[in-house]
Amino acid sequence: MRKILLILASAIILGASALNVEKRIYEEVLRAIFPEKRIVKVWSDSKNMKRAVSTIRWVHTVSDPDKADILLVNNPETLKKIKEGKLIIFVGSYTLLKEHQDMAIGGFFWQKGRPNLVFIKRNIERFDIKLPKKFEDYVEDRV
Amino acid sequence: MRLINRIGYFIGIFIFIAIFYLYYATQHAEKNLEQNLESLFLQQAAEAAQNIETMIKKYVPQDPVNTLAREEFIREGLQNSLSLLVNSSFKYIYVLYRDQKGRYRYLLDGSKTDRGEFGQKLDVEKSLWDSVYRTKEDKIISHTNLSGLWITYLKPLIYDDEVKAVIAIDFSTTLPKHIRETTEPIESIFNYIFGAIVILIILLMYQLVLNYFTKKSSYVDALTEVYNRTYLREFLRYIDPSKYHILMIDVDHFKKINDNFGHKAGDHILKEVALILKKLLRSEDKIIRFGGEEFLVFVEKDQKQNDSLPINIAHRIKSYIEKYDFSYHGYRINLTVSIGICTKPERFKDINHAIKTADAMLYQAKKEGRNKIIIFSQQEKNQSCQIEYFSIYQVQEALDQNRVICHYQPIYDLESMRIVKYEALVRIVEKDGSLVYPGAFLGQIENTNVYHALTKRVLHLVFEKIARYRVPISVNLKFSDLSDNVIFRYIIEEIESHRDIAKWLIIELLENENIDDKNIVNVINRLKDYKVKIAIDDFGSGFSNFVVFKTLPIDILKLDGSLIKELDNSDISFNIANAIVHFAQSLNIEVVAEFIHSKEVLDKVKQLNIRYGQGFYLGRPAEKIESPSNAEVLLEST
C-alpha cells in the first residue's frame, strides 16, 4: 500500500515523467496479478501502454491476444471483439472501465494530473486473483 | 598615512561587502520572484476558494454529500459555476469528500474536460488531505517541476463545525520558467563577473600574504631573529614616545670573542644573548638589533608609568647574562653587558634624541669600566635639554652655506711665554650667529659622507690659516679616520695641494681608541713623508698605551687634561704626569700640557719641566690668530 501510494505521490510531488510512473505502476499491478509467473505475456492495442510495459524485464509483449496472459486495452472497439469472461482485461481510461466494468478487472488512468488505479472486486474474484493488501484501497465494488 | 591606510581598508571592506551583497541578491532574485508570484497566486486561490465555499453553502445549506447525491440539478449548476473560474492558471477546481473507507471521491468538479463524476474515486495525497479534515484549516501543497510552479490549494468545506468536504484548486504557471529563461543569461554574466572578482581577490590575498611575509622577513635580523633597523625605521614613524622606556644594551668586549674564538662564536653568542633578551622581556617590548653587538629595547611602560620598571628589567638582564654559562665548542665564555637607560623619551625633542641619550648612557657605562647600568638622570636631562643636537642635514646645510669654521686655541712656549702654535677646533655658526660645538653634531655624522666632507673642510680651513700666518696648527683626528680610505684620501689630497706648507700641519690623534690596525704605521709614515707632525692627544687616560711610542713615529705628546687640571691638588696626578714627561723626554718627544686653567696649575706644569702648554688661563680659542714674527724659528722649535 505504502509503495503504491509512494509511486502515486511521487508522480505528482517529484514531477516524475508520466511514462516512468506508468511503467512502475504497471510493474506493481502485473506482479500483483501474476505473483508466480516468471514471464508475463501482455497484449495491448495502445502504443503508450505497450511502451510502458515493454521496459519491464519479465514482461513480454505478444501480437496475438489469445497467447497473452493479460490484455491492456485502450480502444473501445477492441473490447467489442473480445469474448467476455475468457481473458483478463485491464483498461487505460475511466470511461472504458465504467462501460466495461463487467469485463475488465480494473484500469489505470490519469485524472487531474494524478495517476489513478481502480480494481473491480467481482472481476478480480472471478479470475481468482488475490491482490496483496497494499491494493485494498484501490478495489471498488463498481464504478 | 595611518588615516589613508584606514580609508583604504574601509573602502576595501565596503567593496567586498557590496560585491558579496550583489552576488547574494542576484542569486536570490529569481527565488524571490517565484515566491512573490506564488504569494500572488495563493492570494487569488484563497479568494476563489472562499467564494466557492460561499456559493456552495448558499445552494446547499446542509449535508452537502447527501444533498448533492440527490440533487443532480444543483450539482450541475454548481459545477458549471466552478467551471467559469477555470482558466489557464486555475487548471482544476473540484470538491472531494472522504467516504467511510477514507477514500476521496468527487462531490463537484469544475473541469471542462476530464470531469469526474459524483462519487468517482480520485487518488490524492491522502495524508495531506486528511490533515485538512483534522485541522479544519486551509492547506497549500506545492509541487515544482521543470515546467513551472504547481500548487494545490485546499480549503475545508465546514458545516456545523465539521469538515464535510475539501475544496481544491490546482493552479500552475509557466511564468517562473519564462523568468528563469530570461534571467539565466544575466545570471551567467554576473556569475562570470563574480568568478573573475573572486579570482582577483584570491590573487590579491596571495600578494598580500606574500608581501606580509616578505615585509616580516625584511624586518627581522637573520642571525638573532629579533627586529632589525629596517623595522626600527618603520617603528619610529608611528611611535608614541610616552609609552616606552629605552634600553641600549651592548655586549662587553665582544670583539675579543670574535678575535679569540672566531666570528662563528661571536654569532653564536649574539644568538644566545638575543634568546635571553626574548626570554626576560615581555611580548609587548620591542627588541632591535641596533648594531653589531648592540641591542635597542623599547620597554612598554606599565599603567603606573613606573620608572623602576626599565631599571629592574636592566638589572635582571645584566644579572642573568653575568651568571649565564655561554659555551662554544666546549669553551666556557663569561659575558657581561653594559646598559644605558632613558626612562622618559617623551621629554626629548624627538625619539632619535632619546635613543642617542640611551646610547650616550651606554657609552658612559663602558667608559666607567663596563658591566654597568647607567640611567639618564634628571640633572643630565636638564643639561641635555640645553644642548640642541644637530641633525645630519643641518650639518650638511652648514657645509653648503660655509657656516663651518675653526677656532684656534694658542699653545704657548712656557719658557718664553710666547704663542708658538695653535690647535684648530671646529665650530658651526648658527644662522643667528651663535656657535655650535662639536659635541652637538659630530656623533650624528660619524661614518657618513658628511663627516668626510667636514674633515676635508676643516683641513682646507687650517691650510688657509697656515698659508696666511705661517704658523703650526694642529687638527684633531682619530686613528679610525686614518684607517678610513676615504678620509685618508681627502687628507692626502689636501696635503698634496698644500705640499709646500704641509710641514706646518700637526695631526693630533685621539688617544682613546684601541689601535690594532697594522696599516696605521704605513699611513702615519706616509704623512711623515710630507713632514706632517704627529701628536698623541689626551695621553694618560682611556687606552693610554706606551707601546704606541714603540710602533709609531710620534713627535708630540699631549698630556690628558684630567691629569693636568688636578696637578695642584693631587700628588698621584702629579707623579703620573711626571713619569710620562720623563718618559717622553727620554724619547725626545715634545710634551704639551692641556687644560691649564689657573696660575697654580701653570706653576706645577712648569715645575714638571713641560715646555708647552695651553688652556683657558693662557688663551681661549678664537677665530683670529696672531701671526708670530719668528714663525720659522718657532717651527724649528716644534
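Residues numbered from 1 in each chain as written. Chains lettered and ligands numbered in written order. Predicted model: local features only at pLDDT ≥ 70, side-chain atom pairs only at ≥ 80, totals over all residues. Heavy atoms only, no water.

1. Side note on the overall build of chain B
The condition is simple: In DSSP terms, a helix is any run of H or I states spanning at least four residues, a strand is any run of E spanning at least two, and both are numbered starting from the N terminus. Here the globule rule is a power law, 2.2 Å times the number of residues to the power 0.38, and the radius of gyration is based on C-alpha atoms. Buried means the residue's accessible area, taken with a 1.4 Å probe over protein chains only, is under 20% of the maximum for its type, while exposed means over 50%, and partly exposed covers the values in between. Note on contacts: a residue pair qualifies if any of its non-hydrogen atoms lie within 4.5 Å across the two residues. For the accessible areas, the method is Shrake-Rupley and the probe is 1.4 Å, while residue cover comes only from the protein chains on display. In this tally, Asp and Glu contribute negative charge and Lys and Arg positive charge; neither His nor the terminal groups of the chain are included. Each charge is placed at NZ for Lys, CZ for Arg, CG for Asp and CD for Glu.
When you go through chain B residue by residue, the secondary structure sums to 22 helices and 21 strands. Whereas a compact globule of 638 residues would reach a radius of gyration of roughly 26 Å, chain B reaches 50 Å, over 25% beyond that. Referenced to the eigenvectors of the C-alpha coordinate spread, the extents of chain B come out at roughly 160 × 50 × 45 Å. Relative to its 638 residues, chain B shows a buried fraction of 46%. Considering only residue pairs separated by 6 or more positions, chain B has 67% of its internal contacts joining residues 24 or more positions apart. Total accessible area on chain B stands at roughly 33,800 Å², and carbon and sulfur atoms take up 53% of it. The averaged location of the 85 negative side-chain charges in chain B is 1 Å from the averaged location of its 81 positive side-chain charges.

2. Quick look at the sheet that holds strand β12 (residues 373-375) of chain B
Residue and element names in this part refer to chain B. Rule in force here: In this scheme, strands are said to pair when DSSP sees at least two bridges between them. Whenever a helix is involved, its axis is fitted only over the stretch in contact; in every case the axis is a line through C-alpha atoms, and angles between N-to-C directions fall within 0 to 180 degrees.
What the 5 strands build is an open sheet, ordered β7-β8-β6-β11-β12; its pairing is mixed. Strands with a single pairing partner mark the edges of an open sheet, and in this sheet they are β7 (286-289) and β12. Taken pair by pair, the neighbouring strands of this sheet meet at an average axis angle of 15°, ignoring direction. As paired elements, β7 and strand β8 (residues 294-300) share 4 bridges and run antiparallel to each other. Looking at the pairing, Arg289 lines up with Phe295 of β8. The strands touched by helix α6 (residues 229-238) within the sheet are β6 (244-251), β7 and β8, with β7 carrying the most contacts at an inclination of about 130°.

3. Digging into the environment of Gln79 of chain B
Residues and elements named next belong to chain B. You can see Gln79 is positioned in helix α3 (residues 72-85). A relative accessible area of 4% means that Gln79 is categorised as buried. When the C-alpha positions of Gln79 and Tyr94 are compared, they lie 8.3 Å apart, and in sequence the two are 15 residues distant. When residues no more than four places from it in sequence are discounted, the contact partners of Gln79 are Leu107, Leu108, Asp109, Gly110, Arg115 and Gly116.

4. Here we look at the side chain of Glu423 of chain B
Residues and elements named next belong to chain B. To keep things clear, this is the line we draw: Here a polar contact is recorded for every N or O atom pair within 3.5 Å, except that within protein the pair must consist of a potential hydrogen donor and a potential acceptor, and residues adjacent in sequence are included only if both atoms are side-chain atoms.
Tracing the chain through its elements places Glu423 in strand β14 (residues 418-429). Using a relative accessible area of 5% as the deciding quantity, one classes Glu423 as buried. A polar contact of 2.8 Å, which involves the side chain of Glu423, links it to the side chain of Asn476. Within the structure, the side chain of Glu423 is placed 2.9 Å from the side chain of Gln614, a separation counted as a polar contact. Glu423 has contacts with His407, Tyr408, Gln409, Ile411, Ser474, Asn476, Glu508, Asp537, Lys558, Glu594 and Gln614, leaving out every residue within four places of it along the chain.

5. Observations regarding the pattern of salt bridges
Residues and elements named next belong to chain B. How we decide: Basic side-chain nitrogens of Lys or Arg form a salt bridge, by our definition, when they fall within 4 Å of a carboxyl oxygen of Asp or Glu.
Under the criterion given, the structure shown has 44 salt bridges over all chains. Two residues, Glu397 and Lys431, come together in a salt bridge whose shortest N-O distance is 3.0 Å. Within this pair, whereas Glu397 is found in helix α12 (residues 392-400), its partner Lys431 is found in the loop between β14 and β15 (435-436), the two being separated by 34 residues in sequence. Lys528 serves as the salt-bridge partner of Asp555, at 2.6 Å between the closest nitrogen and oxygen.

6. As for the sheet that holds strand β3 (residues 70-73) of chain A
Residue and element names in this part refer to chain A. Spatial strand order, β2-β1-β3-β4-β5-β6-β7: 7 strands in an open sheet with mixed pairing. In the strand order of this sheet, the two ends are held by β2 (59-61) and β7 (139-140), each with one partner. Alignment of strand β5 (residues 106-111) against strand β6 (residues 114-120), held across 6 bridges, turns out to be antiparallel. Bridge pairing links Phe109 to Asn116 in β6.

7. Observations concerning the side chain of Thr78 of chain A
Along the polypeptide, Thr78 of chain A turns up in helix α4 (residues 76-81). When sequence neighbours within four positions are dropped, the list of residues in contact with Thr78 of chain A reads Trp43, Asp45 and Val73 of chain A.

8. Some thoughts on helix α17 (residues 519-529) of chain B
All names here are of chain B. This is how the line gets drawn: Here, the arc refers to the directions that run from the helix axis to the C-beta atoms.
Along α17, the positions that sit buried rather than exposed are Ile520, Val523, Ile524 and Leu527. Viewed along the axis of α17, the buried residues span an arc of 95°, placing them on a single side of the element. Those residues of α17 that are buried lie in contact with α15 (479-483), α16 (485-497), β17 (505-510) and β18 (533-539). Backbone geometry just after α17 places Lys531 at a positive phi near 70°.

9. A word on the interface of chain B and chain A
Defined as follows: The buried area of a pairing is the accessible area, by a 1.4 Å probe, that goes missing from both parts when the two are put together, added over both.
Contact residues are listed per partner, giving 24 residues for chain B and 21 residues for chain A. Of the roughly 1,900 Å² buried between chain B and chain A, counting both surfaces, carbon and sulfur atoms make up 43%. A per-residue breakdown of the area chain B buries against chain A is headed by Arg103, Lys121 and Asp123 of chain B, which together make up 29% of the total. Counting every contact that joins chain B to chain A gives 7 salt bridges. Taking the shortest distance from any N to any O, the salt bridge between Glu117 of chain B and Lys98 of chain A comes out at 3.1 Å.

10. A closer look at the pairing of β17 of chain B
Residue and element names in this part refer to chain B. Burial within β17 is extensive, with 5 of its 6 residues counted as buried. Pairing between β17 and β18: 5 bridges, direction parallel. Looking across to β18, one finds that Glu508 is bridged to Ala535.

11. Topic: helix α2 (residues 18-33) of chain A
Here is the rule: Multiply 1.5 Å by the residue count of a helix minus one, and that product is the helix's expected span.
Compared with the 22 Å implied by 1.5 Å per residue over 16 residues, the 22 Å span of α2 of chain A between its first and last C-alpha is a close match. Taken together, the buried positions of α2 of chain A are occupied by Val21, Glu22, Ile25, Tyr26, Glu28, Val29, Leu30, Ala32 and Ile33 of chain A.

12. Here we look at the domain arrangement of chain B
Many descriptions give the size of an interface as the accessible area lost when the pieces come together. Counted only if it meets this: Where each domain begins and ends is defined by an automated method or by a domain database.
Along its sequence, chain B is carved into domain 1 (2-178), domain 2 (229-386) and domain 3 (392-637). For domain 1 of chain B versus domain 2 of chain B, the separation of C-alpha centres amounts to 82 Å.

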